[in-house]
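One letter stands for each residue in the lines below.
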Amino acid sequence: MGAIFFYIFVYFIGYYGSNILNMLTVRPFITNRYMAALLPVYGVALTHAYVLVNSPPPQGSDVTVEYALLVFITMPVVVVTLGAAYFMWNSKSKDNDHAGDNSSDDDRSSTETASIETSDQKTEVQSQDTESSDEKLVSKEVEASKSKDSKGT
């Protein structure tokens, strides 16, 4: 049980370490902190396994190397990896749900509101331009028909 808590602690050190690294850089350096935090876990697990395999077992213990590798290294690393994958999947589904929601004007940020107002103004200007060009076209057709009538009589 202690090994699981140890590897969870190592995972959170990696997770918050990547968060601090992203805050110190101008542009986010690590885009997926959930999976990047597993690198220190795997590094510590490989080092732990190397030491466990290359050192003799403690005196008076009836533990084999395979059992120690399975219980104290493999199982905690698998649990931490599955937890990280679950939290990554859970956060992505929350992001997708939030992006798909129909937000009201009160929920919109100021940049979204400003961009919507700017696009509305552009469409109004374009519609005014098309109306004035339509009016010019109609007036030219009326003048042309008047000149044809005056020439015909």
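The structure displayed is predicted, hence computed values, not measured ones. All chains use their own residue numbering, which begins from 1 and follows the written sequence. Whole-chain, interface and lining totals are the exception, using all residues; otherwise, since this is a predicted model, local features are given only for residues with pLDDT of at least 70 and side-chain atom pairs are given and counted only at 80 or more. Side-chain metrics in this entry use all non-hydrogen atoms of the structure; hydrogen atoms and water are not considered.

## So, the packing of aromatic side chains
- The rule is short: rings of Phe, Tyr and Trp, with Trp giving its six-membered ring, pair when the centres are within 6.5 Å, and they are stacked under 30 degrees, edge-to-face over 60, tilted in between. One pass over the structure, following the stated rule, counts 8 aromatic pairs.
- Put simply, the rings of Tyr 11, Phe 12, Tyr 15, Tyr 16 and Tyr 34 pair up and form one aromatic cluster.

## Details of helix α3 (residues 38-54)
- End to end, α3 covers 24 Å across 17 residues, agreeing with the expected 24 Å (1.5 Å per residue, within 8%).
- Among the residues of α3, Leu 38, Val 41, Ala 45, Ala 49 and Leu 52 are the ones counted as buried. The buried residues of α3 all sit within an arc of 65° when viewed along its axis, so they share a single face. Residues of α3 that are exposed and angled more than 90 degrees away from the buried face: Leu 39, Leu 46 and Tyr 50. A run of H or I in DSSP becomes a helix once it reaches four residues, and a run of E becomes a strand once it reaches two; helices and strands are each numbered from the N terminus. A helix is expected to span 1.5 Å for every residue after the first. The classification of residues rests on relative accessible area computed with a 1.4 Å probe and restricted to protein chains. Under 20% of the type maximum is buried, over 50% is exposed, and intermediate values are partly exposed. What the arc covers is the set of directions going from the helix axis to the C-beta atoms.

## Here's the deal with the packing of helix α1 (residues 2-24) against α3
- Angles here are taken between N-to-C directions and fall from 0 to 180 degrees, while the axes themselves are lines fitted to C-alpha atoms, restricted in helices to the stretch in contact. Running from amino to carboxyl end, α1 crosses α3 at an angle of 140°, the nearest separation of the two axes being 7 Å. Classified by the angle their axes make, α1 and α3 are oblique. Helix-helix and strand crossings are classified by hand; for α1 and α3 the assignment is right-handed. Residue-level inspection shows Phe 6, Tyr 7, Val 10, Tyr 11 and Gly 14 of α1 in contact with α3, the latter providing Leu 38, Pro 40, Val 41, Val 44, Ala 45 and His 48.
- Across the contact of α1 with α3, the residue classes tally to 9 nonpolar, 2 polar and no charged. Our angle categories are set so that under 35 degrees counts as roughly parallel, over 145 as roughly antiparallel, 65 to 115 as roughly perpendicular, and the remainder as oblique. Crossings are sorted by hand: turned counterclockwise from the far helix by less than a right angle, the near helix makes the crossing left-handed, and turned clockwise it makes it right-handed. What makes two residues a contact is simply this: any of their non-hydrogen atoms within 4.5 Å. As a working rule, the residues Ala, Val, Leu, Ile, Met, Phe, Trp, Tyr, Cys and Pro are called nonpolar, Asp, Glu, Lys and Arg charged, and the rest polar, with Gly in that last group.

## With respect to the nonpolar core
- We define a nonpolar core as any set of buried Ala, Val, Leu, Ile, Met, Phe, Trp, Tyr and Cys residues linked to one another through side-chain atoms lying within 4.5 Å. Counting residues in each nonpolar core, the largest one holds 13 residues, and the members touching the most others are Tyr 7, Tyr 11, Val 41 and Val 80.
- Looking at this core, the elements that each hand over two or more residues are α1, α3 and α4 (65-100).

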